[in-house]
Amino acid sequence: MNAITPLLTRRKLGIGANRASKRRVFFNLILITLVVAVLVLAQIFVVSMSRGIADKWAYLADGHLQLYLGPGQELPTHPNIDSIEEVGEVNALLYSPDKNQMVRVKGVESTYFSKRRLEQLSIRVGEASTSTLARIMISTTLADQLSVSLGDRLALMMVSNDAIRAQLCIIEALYDSGYRELDEQLIYCDLSFVKRLFGTGLASSWEILTENGRLNALKDDLERAGYLSTTWEEQNAALSTNLDTSRQAVLAVMVVVAILCGYFISELSAQMVEDDKARIATLHLIGADPRTVRTAYWRAVMAITAVSLTLGTLLGILCARLLPPVLAHLSARSYSALSFYLLDFPIRIPVLDISIIVSVLLLVSAISVHLSLKRVAAIEPLSCVRFD
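Everything numeric here is computed off the predicted structure, so don't read it as measured data.

1. Examining the pattern of salt bridges
Argument step 1. All chains considered together, the criterion is met by 16 salt bridges.
Argument step 2. One salt bridge in this structure joins arginine 214 and aspartate 82, with 3.1 Å as the shortest N-O distance. You can see arginine 214 sitting in the loop between strand 9 (203–209) and helix 7 (215–224) and its partner aspartate 82 sitting in the loop between strand 1 (65–68) and strand 2 (83–95), a full 132 residues away along the chain.
Argument step 3. Aspartate 82 gets classed as partly exposed once you look at its relative accessible area, which sits at 36%.
Argument step 4. In this structure, glutamate 184 engages arginine 180 in a salt bridge whose closest nitrogen and oxygen atoms are separated by 3.1 Å.
Argument step 5. Through salt bridges with shared partners, a single ionic network connects Asp82, Arg116, Glu211 and Arg214.

Here it is, written out as structure tokens:
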């Protein structure tokens, strides 16, 4: 009777079966594949956007590490340091003729916008001006809010360590990072400008860029060498916590949906048993072990599930790879409903998250299908008389 198991399994998979059986198998395979693809795509999108926001903040606002040099300390050298730039920051009120906005003024040198930083934003420079006013770069978002454009004049009321300085400036360039929350509060100017205004009262530091995977090791090495440094997560604890919480919350939702999908797969096995009640009764009548029949149906359902999981995962990843042009189109259309979302980010594949979702779905399916197939043993051999 052991030969019955592979025979039944092949028949339930549509191999050698009639057209109706093949259609049913194909329909269930497609349905499960689409559900898995949506789960994978949603998780990839959320993780990629979260990491994209983190990159914007690290490259444009705070660096991966902020280094504070003590008296007599030299700049560190370390193989994990990709670049190190001096910056100075003050808080300020930015005034246009009609409106004002609280901003963060960041003084940087000409080498600050390296290739890696330029990948995070686009810059539009105005025509050359003979004005002797200090030059600043603000975001297109801020320019729209203040109703100003390239070449317009703005007033800055800057505050640093209880010192207040007022300065008339001219907009030399506009930038757009794609992340509204950052663009609304950050403007750039020349480092020498804020140094001249505040001197030793300026809050200055050195921004270090590195790879995310080497960040903690670099920080530990610098601390052992006697340097004081903070990560961008420490500088923006609320933002970092929100990003992590969002990713974990979405993962939890995807896992719950995966569990429900696993329950649906158990219903597939129950339907198979219900459709084949007469055949199963006949097998029992000729002496087939109920465990053998149950194993055949379990293998058939799990084979469909495994194939669907594989296809769904690949389809979800493929759709994610095709997302950037779609997101760029949506960003270019400037839909107000999407204005507070980052739509410009590279796609990252969260292997661990996808593995968790797929593993949960597979495990729940295996258990629920096993439980649902217990009804096979309850089918009486003589019931085939009523169905044939």
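2. Quick word on the layout of surface pockets
Argument step 1. Space inside the second largest pocket adds up to approximately 430 Å³.
Argument step 2. If you go around the second largest pocket, you meet 16 residues; those closest to its centre are Arg51, Ala54, Trp232, Glu233 and Asp244.
Argument step 3. At the level of elements, helix 2 (19–62), helix 7, helix 8 (232–235) and helix 9 (237–275) are the ones that each hand at least two residues to the lining of the second largest pocket.
Argument step 4. The element contributing the most residues to the lining of the second largest pocket is helix 2, with five residues.

3. Overview of the pairing of strand 2
Argument step 1. Pairing between strand 2 and strand 9: seven bridges, direction antiparallel. Within the sheet, the bridge partner assigned to glutamate 89 lies in strand 9 and is alanine 203.
Argument step 2. Where strand 2 lies against strand 3 (residues 100–108), eight bridges are found, and the strand directions are antiparallel. Considered in strand 3, the bridge of leucine 94 is made with glutamine 101.
Argument step 3. Linking strand 2 back to strand 3 in an antiparallel pair, the connection comprises four residues.
Argument step 4. With five bridges joining them, strand 2 and strand 6 (residues 153–160) adopt antiparallel strand pairing. Counterpart to asparagine 91 in the pairing with strand 6 is valine 159.

4. So, the packing of aromatic side chains
Argument step 1. By the definition in use, this model includes six aromatic pairs.
Argument step 2. Measuring from ring centre to ring centre gives 6.1 Å for tryptophan 57 and tyrosine 179, while their planes differ by 70°; the resulting arrangement is edge-to-face. A residue pair is termed long-range when its members are at least 10 positions apart, and tryptophan 57 in helix 2 and tyrosine 179 in the loop between strand 7 (163–176) and helix 5 (180–183) qualify at 122 residues. Residues tryptophan 57 and tyrosine 179 agree in their burial class; the two are buried.
Argument step 3. Consider the rings of tyrosine 112 and phenylalanine 113, whose centres lie 5.2 Å apart with planes at 90°: the pair is edge-to-face.
Argument step 4. Of the aromatic side chains, those joined through ring pairs into one cluster are Tyr112, Phe113, Tyr175 and Tyr188.
Argument step 5. Positioned above the aromatic ring of tyrosine 112 is the side chain of arginine 117, whose terminal nitrogen or guanidinium carbon lies 3.8 Å from the ring centre.

Cut-offs and rules
Residues numbered from 1 in each chain as written. Predicted model: local features only at pLDDT ≥ 70, side-chain atom pairs only at ≥ 80, totals over all residues. Heavy atoms only, no water. Salt bridge = Lys/Arg side-chain N within 4 Å of Asp/Glu carboxyl O. Helix = DSSP H or I, 4+ residues; strand = E, 2+ residues; numbered from the N terminus. Buried < 20%, exposed > 50% of the residue type's maximum accessible area, 1.4 Å probe, protein only. 1 Å grid on protein atoms, 1.4 Å probe; cavity = no way out; pocket = protein on both sides within 12 Å on 5 of 7 lines; lining within 4 Å. Points joined across faces, edges and corners; volume = space filled by probe spheres on them. Pairing = 2+ DSSP bridges. Phe/Tyr/Trp six-rings, centres within 6.5 Å; stacked < 30°, edge-to-face > 60°. Lys NZ or Arg CZ within 6 Å of the ring centre and 35° of its normal.

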